[in-house]
Amino acid sequence: MTHSDTPAKIEVRDLHKSFGSKHVLRGVDLTLRSGESLAVIGGSGTGKSVLIKNIIGLMEPDSGSIRIDGEDVVGMSPDERERVTRKFGMLFQGAALFDSLPVWENVAFGLIQSKGMNRHAAREEALVAMVQVGLDTDIADRSPAELSGGMQKRAGLARAIATKPEILFFDEPTTGLDPIMGSVIDDLIVKSVRELDATALSITHDMASARRIADNIAMIYEGRIVWHGPVADIDDSGNEMLDQFIHGRSDGPIQLRVAS
Amino acid sequence: MRLLRAIGRGTIAIFAVIGRISVFAGTSLYHCVRPPFFPRLILRQMIEIGFYSLPVVGLTAIFTGMVLALQSFSGFGFAGEATIANVVVWGITRELGPVLAGLMVAGRIGAAMAAEIGTMRVTEQIDALTTLSTNPFKYLVAPRLIAAVAMLPLLVLVADVIGVLGGFIVSVYDFGFNPTTYLKSTWASLDAAGFISGLVKAAVFGFLIALMGTYHGYHSKGGAQGVGQATTNAVVSSSILLLLFNFIITALFFAT
């Protein structure tokens, strides 16, 4: 599926971010078009999480620009940033459910706090979102701590889609899940993105997951995008780094520093 | 040269921490007065800080009042209802009530705040709040600050009453003082400045405890060890600040 004729939803240009002497992002350029699902792949410590946190607004970049629907969000005031953030929904790696709230209130959180919906109506909406991700509504009043890892991910996904966001972010959506549950979560992600007609940006190092959920793949290495293209092209990309990564080879241009 | 460099580095680090805490406090206060507010969360924190701290503050106060009366009589060698009632009332309302209640709440609530917010930080729950268009200062920090500033004076009020009662119990049932005379002396010993200074201290202590608990929790990192460190830092820093501000407020009220 191509999206070359649709407007850019997210545009990242020459993005830099350092922590002390560690230069994590070294000029990232990335464009996501409306309705596109892009997976950013790369090893641990290559800058995937830092990239997504900069786009969402959890971190401020040192330089470069991030445009959401054409609006540069770098240096925006907190109030303006909050307005842009309302377009977002995010599934965190560990689900990040609020353990002080029952499951339904976690799912309804954005509806109550961000959209100002009353608690009764928000609960009804939350139950609908829970059903959409295959959660039994009987668990609505349970604490997140009582749920299995897979159920927590589903609840996190229900929370992400409950506000019907325009852009969905997925941070390592299958990490910590068994392969079957990982596949189930991937299918739910694809279904949710399609139903919402949303733009999706995922970061993962799980290649099976990336192939299932993404239209396009971007590979990040040492803070730069080293390959970007359709998911169908990754097996014959001609890019040595991508080849090494998707086949999990220890030999190649990517050298891991292992302390002896 | 090396010594100078070390002193300079230490001084810069201290000012950097003071700066970070000041910015955190300023941001928190801004969100305390700017809507939207979260009355449900404020009420929950008030119950947690005020109601559930009553047993520990009450027990601390009654034993302190009893010891104060005992020491005044047998230790300091004071005799008579008026003197002992005076020592107990002044000691409890001006110093021991607010300071001991503050230290107890710092241990109980400051640690709990740092642990809860610290866990939320390391499990990305605070990041999740931001992605749900909810300012963590407004949702997590402001309700705790408001509740602590409101509840500490009430706790100290209770501590004052229970502490004075402790002195009364020892004086009447141990020393055999006349209860009516002792109560009259207690009432006569109450002074507005001492009593109000105790409540002002309590409000300031409440602010400091909540500020340190939320600050250290908010900036915790590195998993369980980081949360443990944040909890320790919250209790230690709030206790030290509490004693420092106790001196400053006492000096402001009573230094001539």
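Coordinates for the structure precede this section.
Description of the structure in this document.

Calculation notes
Residues numbered from 1 in each chain as written. Chains lettered and ligands numbered in written order. Predicted model: local features only at pLDDT ≥ 70, side-chain atom pairs only at ≥ 80, totals over all residues. Helix = DSSP H or I, 4+ residues; strand = E, 2+ residues; numbered from the N terminus. Rg over C-alpha atoms; globule rule 2.2 N^0.38 Å. Buried ≥ 20, exposed ≤ 12 C-beta atoms within 10 Å, placed from the backbone. Contact = placed C-beta atoms within 7 Å. Nonpolar A, V, L, I, M, F, W, Y, C, P; charged D, E, K, R; others polar. Expected span 1.5 Å × (residues − 1). Pairing = 2+ DSSP bridges. Axes fitted to C-alpha atoms, helices over the stretch in contact; angles between N-to-C directions. Right-handed = clockwise from strand over helix to strand, strands pointing away. Core = buried A, V, L, I, M, F, W, Y, C linked by C-beta atoms within 7 Å. Parallel < 35°, antiparallel > 145°, perpendicular 65-115°, else oblique. Left-handed = near helix turned anticlockwise from the far one by under 90°.

Considerations on the overall build of chain A
Consideration 1: A count of helical and extended segments in chain A gives eight helices and 10 strands.
Consideration 2: Taking 18 Å as the expected radius of gyration for a compact globule of 260 residues, we find that chain A reaches 18 Å, a close match to that expectation.
Consideration 3: Across its three principal directions, the C-alpha atoms of chain A cover 55 × 40 × 40 Å.
Consideration 4: Expressed as a percentage of its 260 residues, the buried residues of chain A come to 43%.
Consideration 5: Across chain A, the fraction of contacts at a sequence separation of at least 24, relative to all contacts at a separation of at least 6, is 64%.

Quick look at the overall build of chain B
Consideration 1: For chain B, the count of helices and strands is nine helices and zero strands.
Consideration 2: Start at the N end of chain B and walk to the C end: the helices and strands fall as α-α-α-α-α-α-α-α-α.
Consideration 3: A principal-axis box enclosing the C-alpha atoms of chain B has dimensions of 65 × 55 × 35 Å.
Consideration 4: When burial is assessed residue by residue, chain B has 47% of its 256 residues classed as buried.
Consideration 5: A fraction of 87% describes how many contacts in chain B between residues 6 or more apart in sequence connect residues 24 or more apart.

What about the interface of chain B and chain A?
Consideration 1: Each partner contributes to the interface: chain B provides 10 residues, whereas chain A provides 16 residues.
Consideration 2: Among the residues forming the side of chain B that touches chain A, the class breakdown is two nonpolar, six polar and two charged.

What about helix α2 (residues 39-51) of chain B?
Consideration 1: Here α2 of chain B spans 17 Å end to end across 13 residues, near enough to the 18 Å set by a 1.5 Å rise per residue.
Consideration 2: Looking at the buried residues of α2 of chain B, the elements they touch are α4 (81-122) and α6 (136-173) of chain B.

A word on the sheet that holds strand β7 (residues 167-171) of chain A
All names here are of chain A.
Consideration 1: Strand order in the open sheet made by the six strands is β6-β7-β8-β3-β9-β10, with mixed pairing throughout. At either end of the open sheet lies a strand with only one pairing partner, and these are β6 (88-91) and β10 (224-230). Each strand axis lies, on average, 15 degrees off the axis of its neighbour in the sheet, ignoring direction.
Consideration 2: Relative to strand β8 (residues 199-204), β7 is paired through five bridges, and the arrangement is parallel. Note on β8: the bridge partner recorded for Leu168 is Ala200.
Consideration 3: On the sheet, helix α5 (residues 149-162) packs against β6 and β7 and is oriented at approximately 175 degrees with respect to β6.

Quick look at the sheet that holds strand β5 (residues 71-72) of chain A
Residue and element names in this part refer to chain A.
Consideration 1: Here four strands make up an open sheet; going across it, the order is β2-β1-β4-β5 and the pairing antiparallel. Because the sheet does not close on itself, it has two edges, and the strands there are β2 (22-33) and β5.
Consideration 2: With five bridges connecting them, strand β1 (residues 8-19) and strand β4 (residues 63-68) associate as antiparallel partners. The residue bridging Glu11 from the neighbouring strand is Arg67, located in β4.
Consideration 3: Together, β1, β2 and β4 form the strand contacts of helix α1 (residues 48-56), whose direction differs from that of β1 by roughly 120 degrees.

Focus: the pairing of β7 of chain A
All names here are of chain A.
Consideration 1: For β7, the buried fraction is high: five of the five residues fall into the buried class.
Consideration 2: Side chains Ile167, Phe169 and Asp171 project from β7 onto one buried face, and the interleaved Leu168 and Phe170 project onto a second face that is buried too.
Consideration 3: Pairing of β6 with β7 involves four bridges; the strand directions are parallel. In the sheet register, Phe88 faces β7, and the bridge partner there is Ile167.
Consideration 4: Regarding the hand of the β-α-β motif, the stretch spanning β7, helix α6 (residues 179-196) and β8 is right-handed.

Topic: α5 of chain A
Residues and elements named next belong to chain A.
Consideration 1: The end-to-end C-alpha separation of α5 is 20 Å, in line with the 20 Å expected for 14 residues at 1.5 Å each.
Consideration 2: Of all the residues in α5, the buried ones are Met151, Gln152, Lys153, Arg154, Ala155, Gly156, Leu157, Ala158, Arg159, Ala160, Ile161 and Ala162.
Consideration 3: Each element contacted by the buried residues of α5 is listed here: β6, α3 (103-113), α4 (119-132), β7 and α6.
Consideration 4: Looking one or two residues past α5, Lys164 carries a phi angle of roughly 55 degrees, positive in sign.

Observations regarding the pairing of β1 of chain A
Here is the key point about a regular strand: its side chains alternate between the two faces of the sheet.
Residues and elements named next belong to chain A.
Consideration 1: Across nine bridges, the pairing between β1 and β2 is antiparallel. Paired with Ile10 across the strands is Leu32, a residue of β2.
Consideration 2: In sequence, β1 turns back onto β2 through a hairpin of two residues, with Gly20 there showing a positive phi of about 65 degrees.

Digging into the nonpolar core
Where a protein is soluble and globular, its nonpolar side chains tend to be buried together.
Consideration 1: In terms of nonpolar packing, the biggest core is built from 119 residues, with Val107 and Ala158 of chain A together with Ala148 of chain B touching the most fellow members.
Consideration 2: Looking at this core element by element, the count peaks at 16 residues for α6 of chain B.
Consideration 3: Counting 16 residues, the second-largest nonpolar core is a separate cluster that includes Ile84, Ile92, Val170 and Tyr182 of chain B.

Concerning the packing of α4 of chain A against α5 of chain A
Residues and elements named next belong to chain A.
Consideration 1: Taken N-terminus to C-terminus, the directions of α4 and α5 make an angle of 125 degrees; their axes are 9 Å apart at the nearest point. One way to sum up the angle between α4 and α5 is to call them oblique. Remark: the crossing between α4 and α5 carries right-handed chirality. Between α4, through Glu125, Ala126, Ala129, Met130 and Gln132, and α5, the contact on the second element is made entirely by Ala158, Ile161 and Ala162.

Some remarks on the packing of α4 of chain B against helix α9 (residues 223-254) of chain B
Residue and element names in this part refer to chain B.
Consideration 1: The geometry of α4 relative to α9 is characterised by a closest axis approach of 8 Å and an angle of 150 degrees between their N-to-C directions. One element, α4, and the other, α9, form an angle in the roughly antiparallel class. The crossing of α4 and α9 is right-handed.
Consideration 2: Considered class by class, the residues forming the contact of α4 with α9 number 13 nonpolar, 11 polar and no charged.

The values reported here are purely geometric and, on their own, carry no functional implication.
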